[in-house]
Amino acid sequence: MKKAPPLLQLLIEKIIKSTEKSLNSSSDYLRHIARISPQAFLYFGMSTPLAAYRKKAPAEAYHVARLVAVAREGCKSSLEIEKTLARRAGLDASTIGAAIENNREKLGETAQLAHDFAVALLGSCEKSLEAPRQKSREILGEAATMELAMAVASCRMFPTIRRGLGA
């Protein structure tokens, strides 16, 4: 383990505390990464804008896709963070609950579309993804569909790393 210079240590701790305050959640796993490898922490930090990228996808679709993906990961901390982010984006408790419980019938049309796309994307069969992907492209557009795919993939990174570190 290479120790970071003192100024970098202060910067890293400031970033982590800001993240904890913003997400109302412990980020001890980030401290663990920074302690093992400050460079890995910085590279990890460069990936976080991808996890928040949304320009064209409706907020409801974006957050439902993320909730579906993280719920399948089984990480309570990550799921709580996703719930917080969804609430901040204006999703109501019933939509958040339905997405987490995989209850598509209680979702609105756009949320159902995102739910179906995320479920198919998380599966292992390319054929089952064709129809939800095409429907998403037709209704939301190519850019929004890309954003949903990136949202599903990127939000799974956090619980995977937490699990891998035992955090």
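Above this text sits the structure in question.
Every chain begins its residue count from 1, and numbering advances along the sequence as written. Note on the predicted model: pLDDT of at least 70 is required for a residue's local features to be given, and 80 or more for side-chain atom pairs to be given and counted; whole-chain, interface and lining totals, by contrast, use all residues. Values shown for side chains rest on all heavy atoms present in the structure; no hydrogens or waters enter the calculation.

Draft legend 1. Just the overall build of the chain, in detail. Strands are runs of DSSP state E lasting at least 2 residues, helices are runs of H or I lasting at least 4, and numbering of each runs from the N terminus. If you tally the helices and strands in the chain, you get ten helices and zero strands. On the principal axes, the C-alpha backbone points of the chain span a range of 50 × 30 × 30 Å. Put simply, the chain has 167 residues, and 42% of those count as buried. Counting only contacts in the chain whose residues sit at least 6 apart along the sequence, the fraction spanning at least 24 positions is 64%. Note on areas: Shrake-Rupley, 1.4 Å probe, and residue coverage restricted to the protein chains presented here. On the chain, roughly 9400 Å² of surface is accessible, and the fraction owed to carbon and sulfur atoms is 56%. For this count, His and the chain ends are skipped, Lys and Arg are scored as positive, and Asp and Glu as negative. Charge positions come from single atoms, namely NZ of Lys, CZ of Arg, CG of Asp or CD of Glu. The averaged location of the 17 negative side-chain charges in the chain is 8 Å from the averaged location of its 25 positive side-chain charges. Classification of residues uses two cut-offs on accessible area relative to the type maximum, computed with a 1.4 Å probe and protein chains only: under 20% is buried, over 50% is exposed, and between them is partly exposed. Note on contacts: a residue pair is in contact if any heavy atoms of the two residues lie within 4.5 Å.

Draft legend 2. Structural context of unusual backbone geometry. Its identity as a non-glycine residue notwithstanding, N24 has a phi of 55 degrees, on the positive side. Looking at where N24 falls in the secondary structure, it is placed in the loop between helix 1 (6-23) and helix 2 (28-36). Taking the relative accessible area as the measure of exposure, N24 reaches 68% and is therefore exposed. For N102, which is not a glycine, the phi torsion comes out positive at approximately 60 degrees. Within the element layout of this structure, N102 appears in the loop between helix 6 (93-100) and helix 7 (109-122).

Draft legend 3. Spotlight on helix 9 (residues 142-155). Multiplying 1.5 Å by the helix residue count minus one yields the expected span of that helix. Between its terminal C-alpha atoms helix 9 stretches 20 Å, which fits the 20 Å expected from 14 residues at 1.5 Å a residue. Turning to helix 9, its buried residues number three or more, namely A144, T145, E147, L148, A151, V152, S154 and C155.

Draft legend 4. Expanded view of the nonpolar core. Of all hydrophobic cores here, the largest spans 30 residues; its most connected members are V64 and L148. Where this core is concerned, the elements lending two or more residues are helix 4 (59-73), helix 5 (76-88), helix 6, helix 7 and helix 9. Of all the elements, helix 4 adds the most residues to this core, at eight residues. In this structure L148 touches A57, A61, Y62, A65, A114, F117, S136 and L140, once residues within four positions along its chain are discounted. Nine residue types can take part in a nonpolar core, namely buried Ala, Val, Leu, Ile, Met, Phe, Trp, Tyr and Cys, and a core is a set of them joined through side-chain atoms within 4.5 Å. Y29, L30, I33 and F158 belong to the second-largest nonpolar core, a separate cluster that totals ten residues.

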